[in-house]
Amino acid sequence: MTTNLSRVFEPRSIAIVGASTDPTKRGNQILRALEMSGFDGDVYPVNPRGGEILGRPVVTSVDELPTGVDLAVLCTPAAAAPDLVRACGRREVGAALVLAVGFGESGQRGQALQSELATAGAEAGVRIVGPNTSGILNMGTGLNLVGARGVRGGGLALLLQSGNVALSLMTEATERSWDGVSIYLGVG
């Protein structure tokens, strides 16, 4: 069954906007985490330099993505997010995961930027997760946009504001042989 949240929790295609060759950057770590967790959907690294990252050809802009990608992960500075969400809307991307900090938690300028991001998402028809989110995890589909390692699958779903608390709970559940995790969403 397809729901409005299927493109968030069960994407068949993901664009990593701000993909990087640098292993210390989120745009590289997420590509590696998807590979490690066995995600078998289409993955499109996006970086204006083009080339190849971890054996995947790089798309140079959101405007060059195939139409209808389910989820875009924005590994970019906060100021770029509203325009990137608008570009995602033009390509009929279903949702955007906004990792950046510098929105409502950072004062008036950040609050204005967060308002602009919300408006961009509403006008473009792109569902937004975040900003300032730690990511999404779905053990059943290999969706690992958190970089979690060694987490056991199970029936526990987590919806948390704190990525550190989520990782602590996942680790403790695994170490203590409690029920494992099915889905995690960091609300940001």
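Residues numbered from 1 in each chain as written. Predicted model: local features only at pLDDT ≥ 70, side-chain atom pairs only at ≥ 80, totals over all residues. Heavy atoms only, no water.

### Concerning the packing of helix α3 (residues 81-90) against helix α4 (residues 108-124)
Point 1. Running from N to C, α3 and α4 point in directions that differ by 5°, and their axes come no closer than 9 Å. The angle between α3 and α4 places the two elements in the roughly parallel class. Of the residues in α4, those touching α3 at Ala81, Pro82, Val85, Arg86 and Gly89 are Leu113, Glu116, Leu117, Ala120, Gly121 and Ala124.
Point 2. Counted by class, the contact of α3 with α4 contains seven nonpolar, two polar and two charged residues. (Axes fitted to C-alpha atoms, helices over the stretch in contact; angles between N-to-C directions. Helix = DSSP H or I, 4+ residues; strand = E, 2+ residues; numbered from the N terminus. Parallel < 35°, antiparallel > 145°, perpendicular 65-115°, else oblique. Contact = heavy atoms within 4.5 Å. Nonpolar A, V, L, I, M, F, W, Y, C, P; charged D, E, K, R; others polar.)

### Re the pairing of strand β1 (residues 13-17)
Point 1. Among the five residues of β1, five are classified as buried, and the element is accordingly described as predominantly covered.
Point 2. Alternating positions in β1 separate into two faces, Ser13, Ala15 and Val17 on one and Ile14 and Ile16 on the other, with burial throughout.
Point 3. As paired elements, β1 and strand β5 (residues 71-74) share four bridges and run parallel to each other. Pairing of Val17 across the sheet is with Leu74, part of β5. (Buried < 20%, exposed > 50% of the residue type's maximum accessible area, 1.4 Å probe, protein only. Pairing = 2+ DSSP bridges.)

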